[in-house]
Amino acid sequence: MSVIDLIKDHLDVAEVIGRTVQLQRAGRNLRGLCPFHSEKTPSFYVFPDSQRWQCFGCNKGGDIFTFVMETQGLDFRGALEELGRQAGIEVRPLTPTQVQAGAETERLLALNEAAANYFHTLLTSAPQATRAREYLQRRGFKVATLETFKLGYSLRAWDALRTHLLGQGFTVEDIVKAGLLVEKEEGGTYDRFRDRLMIPIRDRRGHVIAFGGRVLNPEDEPKYMNSPQSPLFDKSQVLFGLDLASQAIREADAVIIVEGYMDVMIPYQEGYHNVVAPMGTALTEAHLKQLHRLTRHFIMALDPDAAGIHATIRGLETARQSLERDWEPVFDARGLIGYEGRLNADIRVVTLPDGLDPDELILRAPERWERLLTEAQPVVRFFFSQLLEQENKDEPKGKARIVDAMLPLLRDISNAIEREAYAQEIALHLGLDARMLLDRLRVRERVEAVRREQGQ
């Protein structure tokens, strides 16, 4: 990825322009008074979906780079350095190595696109893909969904993809770098994906950067296989489906986070376009920051088994540590002011019925899925219910552990009335005096404020 693309990936055009222009929502876009000419009626528009801006009064327009160049009187290099500073990305003159890396990136993107086209052609027309087509039909996939996600099939042969891509002018070295060939210890290579349903993984701009492969033979292992890390693909940075979901997340002002490929594709097919999934790993800070630029409302709908619940709790903890906060003044015992961070996000959890993934539930009982989304538990209630299952609330030490675990979540709640209401609800369940719990919460806040002050 070039430094320009990296900066665009880290910065949102609405956030950058919003520091200079007071913007108001106008449908899916934003508008305000143009900073480049005098006007009383807004004709300056920001388009979050395309990450561009346009004034229909003076006809200026462009991306974040042109906006900074126009408003600050900078050349492109100066705008690059300024936006790099805002994004926390060091901008240096391109070295020969970086030029070579850029060329390699373009070559690998073209290779992955060629592989995706090849796999898709096999799925739609090859006799060997009959089992893959039957599997997709059983799972409820429509033809349009196969096209939207460009699903494919990899032949069972050891060198079918290698032969095809070599015929397209790519080298063995490039195919290995893309993660589509595996090198043998004794020399030679073989196709990584064989006799699998192939699912292209795309970056936010829609470029194919990797693949996921699902077995069709129940005896094969593992059930799902992803491309390895490559110059294009880092699973800690990528959310499956985000290229298609970004616009819908903005429009719905909410994102639904699920666990797997099918849980993204079937909901998309059935009209839920604001759904994404991590790449077989827990949510990371990078994942959440990408989503936080699109919405402040998160709905987590992971599997109801122990592993799914554990993944949900890990995701919630990552969210607490990484998402943006609002800072409120807090006075300590000496009357000195400190600041307490409140989580600038609304996180809710959907508890799925046992044995059903989101894709299965949507196809079998769409009205139940809709109801679950509507009734998604606030994170405080979800976490509290999990603690009640793990601890004995009738034992003093159990009560203490539950309270200590809940205090950080209560501190994160931005609305004071809501925060106290949850504290009273928890106290009632534990048979405690709500005033004691609230006092303990306030003491903890003051202690944290003093610690931050001393650390500054």
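This text gives an overview of the structure that appears in the document. Just so it is clear, the structure is predicted and the values come from calculations on it, not from any experiment. (Residues numbered from 1 in each chain as written. Predicted model: local features only at pLDDT ≥ 70, side-chain atom pairs only at ≥ 80, totals over all residues. Heavy atoms only, no water.)

## Describing the packing of helix α17 (residues 396-412) against helix α18 (residues 416-430)
Thought 1: Between α17 and α18, the least distance of the axes is 11 Å, while the angle of their chain directions is 170°. Judged by the angle between their axes, α17 and α18 are roughly antiparallel. Contacts between α17 and α18 involve K399, I402, V403, M406, L410 and R411 from the first element and R419, Y422, A423, I426 and L430 from the second.
Thought 2: Per-class residue counts for the contact of α17 with α18 are eight nonpolar, no polar and three charged. (Axes fitted to C-alpha atoms, helices over the stretch in contact; angles between N-to-C directions. Helix = DSSP H or I, 4+ residues; strand = E, 2+ residues; numbered from the N terminus. Parallel < 35°, antiparallel > 145°, perpendicular 65-115°, else oblique. Contact = heavy atoms within 4.5 Å. Nonpolar A, V, L, I, M, F, W, Y, C, P; charged D, E, K, R; others polar.)

## With respect to unusual backbone geometry
Thought 1: Between E221 and P222 the backbone carries a cis peptide bond, its omega angle lying at -10°.
Thought 2: Structurally, P222 is set in the loop between β10 (208-215) and β11 (224-226).
Thought 3: The backbone of K150 shows a phi angle near 50°, a positive value even though the residue is not glycine.
Thought 4: Inspection of the secondary structure puts K150 in the loop between α7 (143-148) and β6 (152-154).
Thought 5: Of the residues examined, K150 reaches a relative accessible area of 18% and is grouped as buried.
Thought 6: Phi angles above zero are rare outside glycine, and D195 is one such case at about 50°.
Thought 7: Relative accessible area serves as the criterion here: at 3%, D195 is assigned to the buried category. (Buried < 20%, exposed > 50% of the residue type's maximum accessible area, 1.4 Å probe, protein only.)

## Section: the sheet that holds strand β4 (residues 52-55)
Thought 1: Spatial strand order, β1-β2-β3-β4-β5: five strands in an open sheet with antiparallel pairing. The open sheet has two edge strands with one neighbour each: β1 (24-26) and β5 (61-62).
Thought 2: Judged from the three bridges that link them, β1 and strand β2 (residues 29-32) form a sheet pairing that is antiparallel. Across the sheet, A26 pairs through a bridge with N29, a residue of β2. (Pairing = 2+ DSSP bridges.)

## Looking at helix α6 (residues 130-138)
Thought 1: By the burial criterion, the buried members of α6 are A132, Y135 and L136. One face of α6 carries all of its buried residues, which in axial projection span an arc of 95°. For α6, the exposed residues lying more than 90 degrees away from the buried face are Q137 and R138.
Thought 2: Where α6 ends, the next residue or the one after it, G140, has phi of about 95°, a positive value. (Arc of directions from axis to C-beta.)

## So, the environment of D412
Thought 1: Mapping D412 onto the fold places it in helix α17.
Thought 2: For D412, a relative accessible area of 8% translates into the label buried.
Thought 3: It is 9.9 Å that separates the C-alpha atoms of D412 and V380, two residues lying 32 residues apart in sequence.

## Focus: the side chain of R214
Thought 1: Looking at where R214 falls in the secondary structure, it is placed in strand β10.
Thought 2: The charged side chain of R214 is buried without a salt bridge, its nearest counter-charge being D359 at 8.8 Å.
Thought 3: For R214, the side chain forms a polar contact with the side chain of Y224, separated by 3.5 Å.
Thought 4: Setting aside residues no more than four positions away along its own chain, R214 makes contact with Y135, R139, R196, L197, K223, Y224 and M262. (Lys, Arg positive; Asp, Glu negative; His and termini not counted. Salt bridge = Lys/Arg side-chain N within 4 Å of Asp/Glu carboxyl O. Polar contact = N/O pair within 3.5 Å; in protein donor to acceptor, adjacent residues only side chain to side chain.)

## Details of the pattern of salt bridges
Thought 1: Under the counting rule described, the total for this entry stands at 20 salt bridges.
Thought 2: A salt bridge links E173 to K177, with the shortest nitrogen-to-oxygen separation between them at 3.6 Å. In this pair, E173 and K177 both sit in helix α9 (residues 172-177), four residues apart, roughly one turn of the helix.
Thought 3: A relative accessible area of 52% means that E173 is categorised as exposed.

## Overview of the pairing of β4
Thought 1: Along β4, the buried face is formed by W53 and C55; none of R52 and Q54, which line the opposite face, is buried.
Thought 2: Two strands pair when backbone bridges link them, and strand β3 (residues 44-47) and β4 are joined in this way by four bridges, in the antiparallel orientation. Paired with V46 across the strands is W53, a residue of β4.
Thought 3: Connecting β4 to the next strand, β5, in antiparallel fashion are five residues, including N59 with a positive phi near 70°.

## What about empty space enclosed by the protein?
Thought 1: Following the criterion strictly, the structure yields four cavities of 30 Å³ or more and no others.
Thought 2: By volume, the largest cavity is sized at about 50 Å³.
Thought 3: Taken together, Y118, F119, L122, S154, L155, A157, A160, L161, D191 and F193 form the lining of the largest cavity.
Thought 4: Looking at the lining of the largest cavity, the elements that each hand over two or more residues are α5 (96-125) and α8 (160-167).
Thought 5: For the lining of the largest cavity, the element with the most residues is α5, which contributes three residues.
Thought 6: Taken together, the residues that form the lining of the largest cavity break down as eight nonpolar, one polar and one charged. (1 Å grid on protein atoms, 1.4 Å probe; cavity = no way out; pocket = protein on both sides within 12 Å on 5 of 7 lines; lining within 4 Å. Points joined across faces, edges and corners; volume = space filled by probe spheres on them.)

## Things to note about helix α11 (residues 261-269)
Thought 1: Extensive coverage of α11 is indicated by the burial of nine of its nine residues.
Thought 2: All of the buried residues along α11 are Y261, M262, D263, V264, M265, I266, P267, Y268 and Q269.
Thought 3: Directly after α11, the chain includes G271, whose backbone phi takes a positive value near 105°.

## Things to note about the sheet that holds strand β9 (residues 196-202)
Thought 1: Spatially, β6-β9-β10-β11 is the arrangement adopted by the four strands of the open sheet, whose pairing is antiparallel. In this open sheet, the two strands that pair with only one neighbour each are β6 and β11. Neighbour-to-neighbour, the strand axes of the sheet open up by a mean angle of 35°, direction not taken into account.
Thought 2: Here three bridges tie β10 to β11, and the two strands are oriented antiparallel to one another. Note that in β11 the partner of G213 across the bridge is M225.

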